[in-house]
Amino acid sequence: MTTTPAGQRSRTRSITFLVALAVFAQESTWNFYESQVPPLLREHIGSAAVVGVLMGMDNLLGIFVQPWIGNRSDRTRTAWGRRIPYLVVGMPIAAALFVVIPHTAASLPLLIAVMFAYALVANTFKPIAEALVPDFIAPERRGRANAVVKIATSLTAIVAALISIFLVDDHLNIAFAIPAAIMAVSIVVLGTTVRDSRSPAYQEVLAESAAEPADSRAPRVRDTFVEIIKDRDRSRLLLLAAILLFGSAWAASRSLITPYGMEALDMSRGDAGGLTLPSGVAFILAAYPAALLAERYGRLRAIAGGMSVFAGAMLLGTLLQTPTGTTIAFCIAAAGASSFLVNAVVVLWNLAPSARVFGTYAGMYTVSWAGGGFLGPALVGGMVDLNGWSLMLVDIAVVALLAIIVIARIGTLRRRSPLTPAK
């Protein structure tokens, strides 16, 4: 049966909402984990460095697990599809482990063991829900869908903060149970309403497989990465590099803002820690317009423009080196960064040679972004050691400029390959 345009729009809105719900549920637990597990560790460990290492365990696991599980889902064939089986198994287990975390706080070895188990399981489905976007949604509308997903992700920080304010001090166990309950409800909704075996991408993959020799093998993570490296068109490899670089700039602007406020702006620790809160609202307001602008003017152009706004805002913050000036600068920076965060993964999906690797590409994006989150604060921190805290925002702008140069190079390559534009 032919689907009408109105039916297609309805299906796009429906799957966008469901993916956003799944990502919202996942990120609600992650945000609460990042904010409330460190105090549990501090009850046993005096060293902030050791606490930081344990809290970074999930990122380290993600580097290895996420591309593999994304590729594994690409190669899965069931009546339920290739993504949903992993979600309906992984999310309830992760929710159960998350509920257990505060109950293990009295024993450090047990707490670390549950943290490791939760991080391992949660990483196995983290890129899979987002991969449903290219599975169901046409390339020209993926930016809008991803904008909604990013807005849902941003809202989780507010949810985590509200739970912390109202419940953590007096009802810690209940506080941990709420994000887990949100995850459980979301997977019930997703599991009963979505069959990604019906997605256009899944049907395309089946058609490709039927046309291939019987002994052909689905691409593995290593195969996909080697193919990207060997490709004479460096667009995909450069895009992964740009994601790493801009991820570095973004992470540094978040991770180092509290000491920056204390050292450069003479603020208290608490006040400095709140400098980026208004910028979260700015990001939410800018995300969907960023997708619309990308559809009209081109994604690479929109990404380069957004990163330029981000870098310019860092320079503005250096000139207006006051708490108010910094807050304004970070709001402008977040609005600019939204263009990259919404559109970069869409460009990567649209550069994929086949729907067979959407999950793998989602995992590669996540690893590149996480790699920036690991390298950025260290890189900018080293620059601060040389230049001083007063120039930290300039240091961040320099890293962002490198990402802009890489994106400009990709644009040049795409103009030379008109048959395969990065839409």
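Looking up the protein chain in an unreviewed UniProt entry gives the name MFS transporter, with the organism given as Streptomyces coerulescens. A UniProt comment under Subcellular location (unreviewed entry) is attached to the protein chain, and it reads "Cell membrane".

*Asks:* Pulling in residues and values, what's your account of the overall build of the protein chain?
*Replies:* Tallying secondary structure elements over the protein chain gives 17 helices and zero strands in all. Computed over the C-alpha atoms, the radius of gyration of the protein chain is 21 Å, within 12% of the 22 Å expected from 2.2 N^0.38 for a compact globule of 423 residues. Oriented by its inertia axes, the alpha-carbon framework of the protein chain measures out at about 65 × 50 × 40 Å. Counting the 423 residues in the protein chain, one finds 51% classified as buried. Counted over contacts in the protein chain with a minimum sequence separation of 6, partners at least 24 positions apart contribute 82%. On the protein chain, roughly 18,500 Å² of surface is accessible, and the fraction owed to carbon and sulfur atoms is 66%.

*Asks:* Account for the pattern of salt bridges, naming residues and giving values.
*Replies:* For the structure shown, the criterion picks out eight salt bridges. A salt bridge links Glu295 to Arg141; the shortest N-O distance between them is 3.4 Å. In this pair, Glu295 sits in helix α13 (residues 277–297) while Arg141 sits in the loop between α5 (108–136) and α6 (142–168), placing the two residues 154 residues apart along the sequence. A salt bridge links Asp231 to Arg236, with the shortest nitrogen-to-oxygen separation between them at 2.8 Å. It is possible to trace a salt-bridge network through shared partners that takes in Asp74, Arg82, Arg83 and Asp135.

*Asks:* Give a detailed account of the side chain of Asn343, specifying residues and quantitative values.
*Replies:* Looking at the secondary structure, you find Asn343 in helix α15 (residues 323–351). From its side chain, Asn343 meets the backbone oxygen of Ser339 in a polar contact 2.9 Å long. Apart from the residues lying within four places of it in its own chain, the contact partners of Asn343 are Gly143, Ala290, Ala291, Ala294, Arg299 and Ile303.

*Asks:* Go over the nonpolar core, please, and point to the residues and values.
*Replies:* Counting 127 residues, the largest nonpolar core has Tyr33, Leu87, Ile101, Met115, Phe310, Ile396 and Ile407 as the members making the most contacts within it. Those residues within four positions of Ile407 in sequence are excluded, and the remaining contacts are Leu239, Ala242, Leu300, Ile303, Ala304 and Met307.

*Asks:* Give a description of a nonpolar patch on the surface that names residues and reports values.
*Replies:* On the surface, Leu155, Ile158, Leu162, Ile165 and Phe166 cluster together to form a nonpolar patch covering roughly 500 Å² of accessible area. When you line up the elements, Leu162 lands in helix α6.

*Asks:* Which residues make up the packing of α5 against helix α16 (residues 358–387), and what are the values?
*Replies:* Where α5 meets α16, the closest approach of the two axes is 9 Å, and the angle between their N-to-C directions is 125°. Considering their axes alone, α5 and α16 lie oblique with respect to each other. When you trace α5 past α16, the crossing you get is right-handed. Contacts from Pro127, Ala131, Pro134 and Asp135 of α5 reach α16 at Phe358, Gly359, Ala362, Gly363 and Thr366. Considering only residue class, the contact of α5 with α16 consists of five nonpolar, three polar and one charged.

*Asks:* So what's going on with the packing of helix α3 (residues 57–74) against α5? Residues and values would help.
*Replies:* Contact pair α3 / α5: the axes reach a minimum separation of 7 Å and the direction vectors enclose 40°. It follows from the interaxial angle that α3 and α5 lie oblique. When you trace α3 past α5, the crossing you get is right-handed. On α5, the residues that touch Met57, Asp58, Leu61, Gly62, Val65, Gln66, Ile69 and Ser73 of α3 are Ile112, Met115, Phe116, Ala119, Leu120, Asn123, Thr124, Lys126, Pro127 and Ile128. For the contact of α3 with α5, the class distribution of residues is 11 nonpolar, five polar and two charged.

*Asks:* Mind laying out the packing of aromatic side chains, listing which residues take part and the relevant values?
*Replies:* Taken as a whole and judged by the stated rule, the model has 12 aromatic pairs. Plain terms: the ring middles of Phe32 and Phe176 are 5.0 Å apart, the flat faces sit at 80° to each other, and that makes the pair edge-to-face. Of this pair, Phe32 sits in helix α1 (residues 5–42) while Phe176 is found in helix α7 (residues 172–193), placing the two residues 144 residues apart along the sequence. On the basis of relative accessibility, which here comes to 0%, the residue Phe32 falls in the buried class. Given a relative accessible area of 0%, Phe176 falls into the buried group. When the ring centre of Trp250 is taken as reference, the NZ or CZ atom of Arg254 above it lies at 4.2 Å.

*Asks:* Describe a positive patch on the surface, naming the residues involved and giving the relevant values.
*Replies:* Residues Arg301, Arg409, Arg415 and Arg416 make up a contiguous surface patch of positive charge. On the secondary structure map, Arg409 appears in helix α17 (residues 392–415).

*Asks:* Please give an account of the environment of Gly247 that cites residues and values.
*Replies:* Within the secondary structure layout, Gly247 lies in helix α10 (residues 235–255). Considered as a pair, Gly247 and Gln26 are 221 residues apart in the sequence and their alpha carbons are 20 Å apart. Other than its neighbours up to four places away in sequence, Gly247 contacts Ala242, Trp369, Gly372 and Gly373.

*Asks:* Report on unusual backbone geometry, specifying residues and quantitative values.
*Replies:* One non-glycine residue, Asp266, lies in positive phi territory at about 55°. Structurally, Asp266 is set in the loop between α11 (257–264) and α12 (269–273). By relative accessible area, Asp266 is classed as exposed at 71%.

Calculation criteria
- Residues numbered from 1 in each chain as written.
- Predicted model: local features only at pLDDT ≥ 70, side-chain atom pairs only at ≥ 80, totals over all residues.
- Heavy atoms only, no water.
- UniProt positions renumbered as here; feature names shortened; annotations may be inferred.
- Helix = DSSP H or I, 4+ residues; strand = E, 2+ residues; numbered from the N terminus.
- Rg over C-alpha atoms; globule rule 2.2 N^0.38 Å.
- Buried < 20%, exposed > 50% of the residue type's maximum accessible area, 1.4 Å probe, protein only.
- Contact = heavy atoms within 4.5 Å.
- Areas by Shrake-Rupley, 256 points an atom, 1.4 Å probe, with all protein chains shown as cover.
- Salt bridge = Lys/Arg side-chain N within 4 Å of Asp/Glu carboxyl O.
- Polar contact = N/O pair within 3.5 Å; in protein donor to acceptor, adjacent residues only side chain to side chain.
- Core = buried A, V, L, I, M, F, W, Y, C linked by side-chain atoms within 4.5 Å.
- Patch = residues over 30% accessible without salt bridge, like charges linked within 9 Å, V, L, I, M, F, W, Y side chains within 5 Å.
- Axes fitted to C-alpha atoms, helices over the stretch in contact; angles between N-to-C directions.
- Parallel < 35°, antiparallel > 145°, perpendicular 65-115°, else oblique.
- Left-handed = near helix turned anticlockwise from the far one by under 90°.
- Nonpolar A, V, L, I, M, F, W, Y, C, P; charged D, E, K, R; others polar.
- Phe/Tyr/Trp six-rings, centres within 6.5 Å; stacked < 30°, edge-to-face > 60°.
- Lys NZ or Arg CZ within 6 Å of the ring centre and 35° of its normal.
- Lys, Arg positive; Asp, Glu negative; His and termini not counted.
- Charge placed at Lys NZ, Arg CZ, Asp CG, Glu CD.

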